[in-house]
Amino acid sequence: MINKYFSISEVDPRLYGSFIEHMGRAVYEGIYQPNHPSADEQGFRQDVLALVKELKVPLVRYPGGNFLSGYNWEDGIGPVAERPKRLDLAWRTTETNEVGLHEFYEWAKKAETEINMAVNLGTRGIDAARNLVEYCNYKEGSYWSDLRKKNGLKDPLNIKTWCLGNEMDGPWQIGHKTAEEYGRLAAETAKAMKLVDDSIELVVCGSSHSHMPTFGDWELEVLEHTYDYVDYLSLHQYYGNQEDDLDNYLARSLDMDAFITGVTAMCDAVKAKKHSKKQLNLSFDEWNIWYHSNEHDETVKPWQVAPPLLEDHYNFEDALLLGCLLITLLKHSDRVKIACLAQLVNVIAPIMTEKDGEAWRQTIFYPFMQVSNFGRGTVLKPLIESESYQTKDFEAVPYLESIAVLNEEANELVVFAVNRSRELMDFAIGTNGLAIKEVIEFSQLSGFKIKEVNTKGVEKIKPVQSDSYTLEEAEINCQLQPLSWNMVRCLLK
């Protein structure tokens, strides 16, 4: 049952953000390949740009990721021929710096997206961060703004969302810090950055995942230092099916739900302790499925330029879980205002490319595309009746996962649903306060082998239209296929 007045929150479009890191073939051979047949005058692959536009990604986090913690942003400005080649210690590759800040800004404009810029708090700190804000956002008349103009960008970039480092709780991170060390540095960096431009919003690092040994303690300590100066706390989490247990795998979204709920409580605990009136929201700026490529990546020789890394080839079951994860993010849209599917091209991505050939849509492309395109508006909290099952990690997993979004501008009600069961499911959508005029589309991603993938030139796994529904004024009755991702779009009276 969906009630018009049981709303969760307006969706911040940045919930459908993504991520480009200087690693693997995300940048080189991904978004940028000057000698590719589709390349434009700036070297950007237009076939990739077309697919990115299909996703309607409003925000892209850049330039990392683990890469960030050893990156000097000044290496990516000025004449390309004069830029240094650097050893990237995060992924043990060679970075040519052929693509830097100016080039990525131009790509973002073409992709119709904004940049979520990250500053290095691993090997660097306050000075480099405030200089970067000045370079990007100050109009003119200072050293860094005038250098930007000299380098070919007359107008400021006006980047509004900034990340204070990356995964600084992780021992794998270059410049790894304790919570106190990072909290103090992040607070002072935040203050300096906002002195340059007080209109920017800042994301402070939470735990790298919910199973870190410091999880919880890290958040509380970092927020103790930074709460007054930042706007979002980050969450990162990846999921996999290493044990080949489908029922347990499709339940992983319950882990994401618990993670978000727990971190929200920590933010509110610090708010209460500080007697603050400010609500701190969340940025889930790394999330996806990642496990297929692990074995291959162990064999990659170091110090190559753009070697294939983290190139997961996603299958049908991955698309089903991704749908569950998207629904979970929408359920928490009152606090999760930014989320970044990591990543966008080639590296654990919905889009794959061949070096000199085609680009294609992976299985996970379709749920993300449908929710990004049609999950705009106000999230409504449905009353769901569903049987459940138990797995080794989860006690009560509902067979039905679903959420609804009311788009008053388009006069549409959109329902997303995953059937986790292996049986046909009768799905009744009842509405209260909403009169349905017609079903615009009922699409289903279903009927494929669990391990089946999309490949170059063969995008078999994609949604198809279904007429398996009946419509009355206040109710739609559908049949959800076993193991299926579903979208029902309704035009309202």
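Up top you'll find the structure we're talking about.
Note that residues are indexed from 1 along each chain, following the sequence as it is written. Thresholds applied to this predicted model are a pLDDT of at least 70 for local features of residues and 80 or more for the giving and counting of side-chain atom pairs; totals over whole chains, interfaces and linings are not thresholded and use all residues. The side-chain quantities take in all heavy atoms of the structure and omit both hydrogens and water.

A.B. asks: Just to check I follow, could you spell out the overall build of the protein for this structure?
C.D. replies: Secondary structure assignment for the protein yields 11 helices and 25 strands. Projecting the C-alpha coordinates of the protein onto the three principal axes gives extents of approximately 65 × 60 × 45 Å. In the protein, buried positions account for 62% of the 493 residues. Every residue pair with non-hydrogen atoms within 4.5 Å of one another is taken to be in contact. For the protein, the share of sequence-separated contacts (at least 6 apart) that also reach a separation of at least 24 residues comes to 77%. A run of H or I in DSSP counts as a helix once it spans at least four residues, and a run of E counts as a strand once it spans at least two, with each numbered from the N terminus. Summary of the burial criterion: residues with accessible area below 20% of their type's maximum are buried, those above 50% are exposed, and those between are partly exposed, where the area comes from a 1.4 Å probe applied to protein chains only.

A.B. asks: Which parts of the structure should I look at to understand the nonpolar core?
C.D. replies: When a protein is soluble and globular, its nonpolar side chains tend to lie buried together. To qualify as a nonpolar core, a set must consist of buried Ala, Val, Leu, Ile, Met, Phe, Trp, Tyr and Cys residues joined through side-chain atoms within 4.5 Å. Core analysis: the biggest nonpolar cluster contains 127 residues, and Trp107, Trp162, Leu164 and Trp287 have the highest contact counts within it. If near-sequence neighbours (up to four positions away) are discounted, tryptophan 107 is found in contact with Ile31, Phe44, Leu49, Val52, Val60, Thr113 and Leu344. Counting 21 residues, the second-largest nonpolar core is a separate cluster that includes Leu406, Val415, Met425 and Leu434.

A.B. asks: Got a minute to help me understand the sheet that holds strand E10 (residues 232-239) in this structure?
C.D. replies: Each strand in a sheet pairs with another by means of backbone hydrogen bonds, the pair being arranged parallel or else antiparallel. Taking strand neighbours around the barrel as the criterion, the eight strands line up as E3-E4-E7-E8-E9-E10-E11-E12 in a closed arrangement whose pairing is parallel. On average, each strand axis in the sheet is tilted by 30 degrees relative to the strand beside it, whichever way the strands run. By this definition, two strands are paired if DSSP reports at least two bridges between them. Judged from the two bridges that link them, strand E9 (residues 201-204) and E10 form a sheet pairing that is parallel. Looking at E10, one finds that valine 204 is bridged to leucine 233. Lines fitted to C-alpha atoms define the axes, with helix axes restricted to the stretch in contact, and inter-axis angles between N-to-C directions lie between 0 and 180 degrees.

A.B. asks: Hey, could you run me through the packing of aromatic side chains in this one?
C.D. replies: The description of an aromatic ring pair rests on the distance of the ring centres and on the angle between the ring planes. The criterion for an aromatic pair is that two Phe, Tyr or Trp rings (for Trp, the six-membered ring) have centres within 6.5 Å, with stacked assigned to planes under 30 degrees apart, edge-to-face to planes over 60 apart and tilted to the rest. What the rule picks out here adds up to 18 aromatic pairs. When the centroid spacing of 6.2 Å and the interplanar angle of 80 degrees are considered together, the rings of tyrosine 28 and tyrosine 32 count as edge-to-face. Given the relative accessible area of 11%, tyrosine 28 is considered buried. Ring centres 4.9 Å apart and planes at 85 degrees place the aromatic pair tyrosine 143 and tryptophan 144 in the edge-to-face group. Overall, the relative accessible area of 15% leaves tryptophan 144 in the buried class. Grouping aromatic residues by their ring pairs yields a cluster made of Trp73, Tyr135, Tyr143 and Trp144. The lysine or arginine in question, arginine 61, covers the ring of phenylalanine 19, its NZ or CZ lying 4.6 Å from the ring centre. Lysine and arginine charges are scored as sitting over a ring when NZ or CZ, respectively, is within 6 Å of the ring centre and within 35 degrees of the ring normal. Cation over ring: arginine 361 sits above phenylalanine 365, and NZ or CZ is 5.7 Å from the ring centre.

A.B. asks: It is not clear to me how the sheet that holds strand E19 (residues 412-419) should be interpreted in this structure. Could you clarify?
C.D. replies: If you trace the seven strands from one edge of the open sheet to the other, you get E2-E15-E18-E19-E25-E21-E22, paired in antiparallel fashion. Of all strands in the sheet, those with a lone pairing partner are strand E2 (7-10) and strand E22 (464-465), marking the two edges. In terms of strand pairing, E2 meets strand E15 (residues 378-380) through three bridges, oriented antiparallel. Of the residues in E15, the one forming a bridge with serine 9 is valine 379. Where helix H10 (residues 316-331) meets the sheet, its contacts fall on E2, E15, strand E18 (400-407), E19, strand E21 (436-445) and strand E25 (484-492), and the angle it forms with E18 comes to roughly 55 degrees.

A.B. asks: Which parts of the structure should I look at to understand the pairing of strand E4 (residues 59-62)?
C.D. replies: For a regular strand, the rule is simple: side chains alternate between the two faces of the sheet. The side-chain alternation of E4 yields two buried faces, one formed by Leu59 and Arg61 and the other by Val60 and Tyr62. Crossover connection from strand E3 (residues 17-19) via helix H1 (residues 46-55) to parallel E4: handedness right-handed. Direction of pairing for E4 relative to strand E7 (residues 114-119): parallel, over a ladder of four bridges. Counted as the bridge partner of leucine 59 is glutamate 114 from E7. By convention, orient the strands away from the viewer: a clockwise path from the first strand over the helix to the second makes the crossover right-handed.

A.B. asks: What is the right way to look at unusual backbone geometry in this model?
C.D. replies: A cis amide bond links tyrosine 62 to the next residue, proline 63, at an omega of 5 degrees. Mapping proline 63 onto the fold places it in the loop between E4 and strand E5 (86-88). Of the consecutive residues alanine 342 and glutamine 343, the connecting peptide bond is found in the cis state with omega at 0 degrees. Topologically, glutamine 343 is positioned in the loop between strand E12 (336-342) and strand E13 (351-353). One non-glycine residue, glutamate 167, adopts positive backbone phi at about 45 degrees. Among the secondary structure elements, glutamate 167 is positioned in the loop between strand E8 (161-164) and helix H5 (179-196).

A.B. asks: What should I look at first to understand the side chain of arginine 45 in this one?
C.D. replies: Structurally, the position occupied by arginine 45 is in the loop between E3 and H1. Of the residues examined, arginine 45 reaches a relative accessible area of 0% and is grouped as buried. By the criterion applied in these results, polar contacts are pairs of N or O atoms within 3.5 Å in which, for protein atoms, one can donate a hydrogen and the other can accept it, and in which residues neighboring in sequence qualify only through two side-chain atoms. Here the side chain of arginine 45 touches glutamate 354 through a polar contact of 2.9 Å, landing on its backbone oxygen.

A.B. asks: Before we go on, may I ask you to explain the side chain of asparagine 116 in this structure?
C.D. replies: Here asparagine 116 lies in strand E7. Among all residues touching asparagine 116, those that are not within four sequence positions of it are Leu59, Val60, Arg61, Tyr62, Thr161, Trp162, Cys163 and Cys340.

A.B. asks: Would you take a moment to explain a nonpolar patch on the surface for this structure?
C.D. replies: Judged by side-chain polarity, Leu87, Leu89 and Trp303 come together as a nonpolar surface patch covering roughly 300 Å² of accessible area. Relative to the helices and strands, leucine 87 is located in strand E5. Each patch is built from residues that are more than 30% exposed by relative accessible area and take part in no salt bridge. Like charges join if they lie within 9 Å; nonpolar side chains (Val, Leu, Ile, Met, Phe, Trp, Tyr) join within 5 Å. All accessibility values rest on the Shrake-Rupley procedure with a 1.4 Å probe; residue burial counts only the protein chains present in the view. Take a side-chain nitrogen of Lys or Arg and a carboxyl oxygen of Asp or Glu: if they are within 4 Å of each other, that pair is a salt bridge.

A.B. asks: Teacher, can you tell me more about the packing of helix H3 (residues 126-137) against helix H4 (residues 143-150) here?
C.D. replies: Each pair of packed helices gets described by two things: the angle between the helix axes and the distance between those axes. Where H3 meets H4, the closest approach of the two axes is 7 Å, and the angle between their N-to-C directions is 50 degrees. In this view, H3 runs oblique relative to H4, as classed from their interaxial angle. Where H3 crosses over H4, the handedness of that crossing is right-handed. Together, Asn131, Glu134, Tyr135 and Cys136 of H3 and Tyr143, Trp144, Ser145, Leu147 and Arg148 of H4 make up the contact between the two elements. When residues are sorted by character, Ala, Val, Leu, Ile, Met, Phe, Trp, Tyr, Cys and Pro go into the nonpolar class, Asp, Glu, Lys and Arg into the charged class, and all the rest, Gly among them, into the polar class. Classifying every residue of the contact of H3 with H4 by side-chain character gives five nonpolar, two polar and two charged. Our angle categories are set so that under 35 degrees counts as roughly parallel, over 145 as roughly antiparallel, 65 to 115 as roughly perpendicular, and the remainder as oblique. Whether a crossing is left-handed or right-handed is set by the direction in which the near helix is turned from the far one by less than a right angle, anticlockwise for left-handed and clockwise for right-handed.

A.B. asks: How do you make sense of the pattern of salt bridges when you look at a structure like this?
C.D. replies: Once their charged atoms are close, side chains differing in charge can pair, the charge on each being opposite to the other. The full count for this structure, using the stated rule, is 35 salt bridges. Lysine 109 is the salt-bridge partner of glutamate 106, the closest N and O atoms lying 3.4 Å from each other. Of this pair, glutamate 106 and lysine 109 both sit in helix H2 (residues 101-110), three residues apart, which is roughly one turn of that helix. What makes lysine 109 partly exposed here is its relative accessible area of 48%. Here glutamate 401 ties to arginine 420 by a salt bridge, and the two come within 2.7 Å at their closest N and O atoms. Here the residue glutamate 401 occupies a position in strand E18, and arginine 420 occupies one in the loop between E19 and strand E20 (425-432), the gap between them amounting to 19 residues. Counted as one network, the salt bridges with shared partners bring together Glu243, Arg252, Lys392 and Asp393.

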